[in-house]
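The chain contents come next:
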Amino acid sequence: MQNLNKNLFQHNGQSGFYTGLYENLRDRLLREGYKLCVDRQLVEDTVQEIFLYFLNKQEDFDHVINIESYLLITLKRRLIKVLSRNKDRVSLEAVLGSLSESPHEIELIKKEVKLSEANRLQSALGKLPKGESQAIRKRFLDGFSYEEIANQNNCTVRTVYNQIYSGIKKMRGLLSKK
């Protein structure tokens with residue numbers, strides 16, 4: 001399919017542009033979405049949301065040169081975001097493996113997913129008691145050994161193990177609720 005841009009449908013005015021855009025891209029977006037997700041209703045809802053958002057926020061998209069690519073990438077990112085929250089729907093790795101985009105785009109999507117996961121971890125870490133939070137940060141973020149943490153905190157290595165174990169257990173509980 002040729003690259004779509006606003007000039008393609010300009011002869012019918014803005015209404016014609018969006019109608020033409022929808023008619024020309026809806027099936028393509030649905031096919032691409034079905035490749036990523038087995039939940040047909042989720043894909044159909046996501047495609048509708050993308051078109052509605054595009055229609056309602058049209059002034060924000062003046063910078064978009066290739067609308068078809070923009071909508072395809074938006075669809076994939078939204079589906080990945082939903083699927084990463086609901087891992088029971090389909091494996092996120094299966095989704096990333098099925099992408100037919102360039103390696104650069106796959107890397108960008110992976111970074112976005114990792115950033116999202118890092119934000120969730122930071123949020124859960126912030127909800128822990130101070131001792132557990134500090135022990136986990138020092139061990140896994142700063143790279144200190146259990147012995148170094150124990151020396152810094154004037155406690156036993158066993159106490160550090162217990163703090164980290166307890167903190168991780170609480171974080172798992174917090175992360176599973178989201």
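Located above this text is the structure these notes cover.
Just so it is clear, the model here is predicted, and its values are computed rather than measured.

### Focus on the nonpolar core
Part 1 of the argument: One finds Leu21, Leu29, Val47, Phe51 and Leu71 to be the most contacted residues of the largest nonpolar core, which totals 18 residues.
Part 2 of the argument: Residue assignment for this core shows that the elements contributing at least two residues are helix H1 (13-36), helix H2 (40-56) and helix H3 (67-85).

### Details of the side chain of Glu132
Part 1 of the argument: Along the chain, the position of Glu132 falls in helix H6 (residues 130-141).
Part 2 of the argument: Non-local contacts of Glu132, meaning those with residues more than four positions away in its chain, are made with Gln163, Ser166, Gly167 and Lys170.

### Describing the packing of H6 against helix H7 (residues 146-153)
Part 1 of the argument: At a minimum axis distance of 10 Å, the contact between H6 and H7 shows a crossing angle of 140°. On the basis of the axis angle, H6 is oblique to H7. The crossing of H6 and H7 is right-handed. Between H6, through Ala135, Lys138 and Arg139, and H7, the contact on the second element is made entirely by Tyr146, Ile149, Gln152 and Asn153.

### Description of the environment of Phe144
Part 1 of the argument: With respect to the helices, strands and loops of the structure, Phe144 is situated in the loop between H6 and H7.
Part 2 of the argument: Exposure remark for Phe144: the relative accessible area of 26% places this residue in the partly exposed category.
Part 3 of the argument: Leaving out residues up to four positions away in the same chain, Phe144 has contacts with Lys138, Arg139, Ile149 and Gln152.

### Points about the pattern of salt bridges
Part 1 of the argument: Tallied over the entire structure, the rule returns 4 salt bridges.
Part 2 of the argument: Residues Arg28 and Glu32 are paired through a salt bridge, measuring 4.0 Å at the closest nitrogen-oxygen approach. Highlighted residues: Arg28 and Glu32, both in helix H1, separated by 4 residues, approximately one helical turn.
Part 3 of the argument: Among the residues examined, Arg28 registers a relative accessible area of 25% and is labelled partly exposed.
Part 4 of the argument: Taking the relative accessible area as the measure of exposure, Glu32 reaches 10% and is therefore buried.
Part 5 of the argument: A salt bridge links Lys76 to Glu32, with the shortest nitrogen-to-oxygen separation between them at 3.9 Å. In this pair, Lys76 sits in helix H3 while Glu32 sits in helix H1, placing the two residues 44 residues apart along the sequence.
Part 6 of the argument: Counted as one network, the salt bridges with shared partners bring together Arg28, Glu32 and Lys76.

### A few points about the packing of H2 against H3
Part 1 of the argument: One can describe the packing of H2 onto H3 by two numbers: an axis separation of 10 Å at closest approach and a directional angle of 130°. If you check the angle between H2 and H3, you find them oblique. The handedness of the crossing between H2 and H3 comes out as right-handed. Along the contact surface, H2 presents Leu42, Val43, Thr46, Val47, Glu49, Ile50, Phe51, Tyr53 and Phe54, while H3 presents Ile67, Leu71, Thr74, Leu75, Arg78, Leu79, Val82 and Leu83.

Thresholds, definitions, all that
Residues numbered from 1 in each chain as written. Predicted model: local features only at pLDDT ≥ 70, side-chain atom pairs only at ≥ 80, totals over all residues. Heavy atoms only, no water. Core = buried A, V, L, I, M, F, W, Y, C linked by side-chain atoms within 4.5 Å. Buried < 20%, exposed > 50% of the residue type's maximum accessible area, 1.4 Å probe, protein only. Helix = DSSP H or I, 4+ residues; strand = E, 2+ residues; numbered from the N terminus. Contact = heavy atoms within 4.5 Å. Axes fitted to C-alpha atoms, helices over the stretch in contact; angles between N-to-C directions. Parallel < 35°, antiparallel > 145°, perpendicular 65-115°, else oblique. Left-handed = near helix turned anticlockwise from the far one by under 90°. Salt bridge = Lys/Arg side-chain N within 4 Å of Asp/Glu carboxyl O.

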